[in-house]
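# Residue-level structural notes
What follows is the residue order along each chain.
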Amino acid sequence: MLYQMVLGRRFEEKCAEVYRMGKIGGFCHLYIGQEAIATGAMMALEPSDMVITSYRDHVQAMVKGIAPEAVLAELYGKIGGCVKGKGGSMHMFSKEHEFYGGHGIVGGQIGVGTGMAYAAKYKESGQVTLCFFGEAAVNQGIFHESLNMAQLWKLPVIYICENNHYGMGTSQERAMSTRNIAKKADAYEMANEFVDGMDVMAVRDAALRAIERARNESLPTLLEVRSYRYMGHSMSDPGNYRTREEIAKYQERDPIVLFKDSLQEAKVLGDKDFDAIEAKAAETVERAVKFAEESPFPPESELLTDVLV
Ligand SMILES: Cc1ncc(C[n+]2csc(CCOP(=O)(O)OP(=O)(O)O)c2C)c(N)n1
């Protein structure tokens, strides 16, 4: 889990670097600060379980098993990308890895994820669905419609609200009448939990409880996982709506540092082990950059394949 978080962080730092060099075009939303959520929740899944998320999807895609090379090449718009360079940053996808996007419409994936869980139940496949979204998506009607149906139809789905406190430049306080998102599930008599998103083990434990409920009882759960994004909403956001002090306050509880310290305290991780993790992550990122740089752009013949027209 520590390696996955470090890889996610170093990968996205590289994304920011190459974005500024003009290698990546269009939107690019980074996950830096939130790594413990994808890592803790998704590493508790079976490989056959399904995941769907929003546009902040690079780290989720890698934790689900999509190669960093394929994620970075996708960001570059190259043919070696996981969707042949046609999706870009917001639309990572791999049926092979049971990873169903990457969605740009805020909250849109909540309805699709609920449908995926319905399909799994109908087909008796035994798969659990993890559906990630931000706190701003909770104000969308589809969140409420989906939770109602999931509880009514007893669907094996886990809704993970990644509460990073801001929807673009709007703070949660300015947009939502209540602070407590987990409790919204009470309206549907759905199990719910509040989770510290800076603590990867707390996320994993809560995810395991929800996964067991989904797999063994076919019941949904809403997890509100509180975290913070260190970067702007996207690469084009200078983030003037929050202070340096506020960012620094959250960085004091950085999820990677917290987990590393707890492993060192428990004497299961030495300094050299951590250096080896950093070195492996750096090497993996460099390999991904080389692959993305060398991968060609899609040929013209690809223009109309895999595209709904
Ligand atoms: C239906 C819809 N409305 C508005 C937007 C514009 N928009 C893009 S991201 C965003 C903020 C979403 O914030 P949140 O759901 O909390 O996720 P986060 O970006 O914090 O991960 C908005 C309003 C959109 N993409 N879709």
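All of the points below concern the structure found in this document. (Residues numbered from 1 in each chain as written. Predicted model: local features only at pLDDT ≥ 70, side-chain atom pairs only at ≥ 80, totals over all residues. Heavy atoms only, no water.)

## A short note on the site of the ligand
Definition in use: Any residue with at least one heavy atom within 4 Å of a molecule or strand is counted as near it. Contacts described as polar in this section are N or O atom pairs within 3.5 Å, which, within protein, must combine one atom able to donate a hydrogen with one able to accept it, while residues neighboring in sequence count only if both atoms come from side chains. In short, Shrake-Rupley with a 1.4 Å probe defines the accessible areas, and a residue's cover is counted only from the protein chains shown. Classes in brief: Ala, Val, Leu, Ile, Met, Phe, Trp, Tyr, Cys and Pro nonpolar; Asp, Glu, Lys and Arg charged; the others, Gly included, polar.
Within the structure, the ligand sits among 15 residues, and Tyr55, Arg56, Ala136, Asn164 and Tyr166 are positioned closest to it. Measuring from an oxygen atom of the ligand, one finds a backbone N or O atom of alanine 136 at 3.0 Å. Within the side chain of histidine 233, one N or O atom sits 3.4 Å away from an oxygen atom of the ligand. In the complex, the protein chains occlude 72% of the 590 Å² of accessible area that the ligand would expose alone. Classifying every residue of the shell around the ligand gives 7 nonpolar, 6 polar and 2 charged.

## Quick notes on the pattern of salt bridges
Quick reminder of the rule: Should a side-chain nitrogen of Lys or Arg be within 4 Å of a carboxyl oxygen of Asp or Glu, the pair is scored as a salt bridge. Counting from the N terminus, the helices are DSSP H or I runs at least four residues long and the strands are E runs at least two residues long. Each residue is placed in one exposure class: buried if its accessible area under a 1.4 Å probe, protein chains only, is under 20% of its type's maximum, exposed if it is over 50%, and partly exposed if it falls in between.
Under the definition given, this model contains 19 salt bridges. Among the salt bridges present, the one from arginine 209 reaches glutamate 193, with a minimum N-O distance of 2.9 Å. Residue arginine 209 is located in helix H8 (residues 200-217), and its partner glutamate 193 is located in strand S6 (residues 191-196); the two are separated by 16 residues in the primary sequence. Of the charged contacts, one joins glutamate 294 and lysine 290 as a salt bridge, the two residues approaching to 3.0 Å between their closest N and O atoms. Here the residue glutamate 294 and the residue lysine 290 both occupy positions in helix H11 (residues 271-294), the gap between them amounting to 4 residues, near one helical turn. Classification of glutamate 294 by relative accessible area gives exposed; the value is 57%.

Just distances and angles here, no functional claims.
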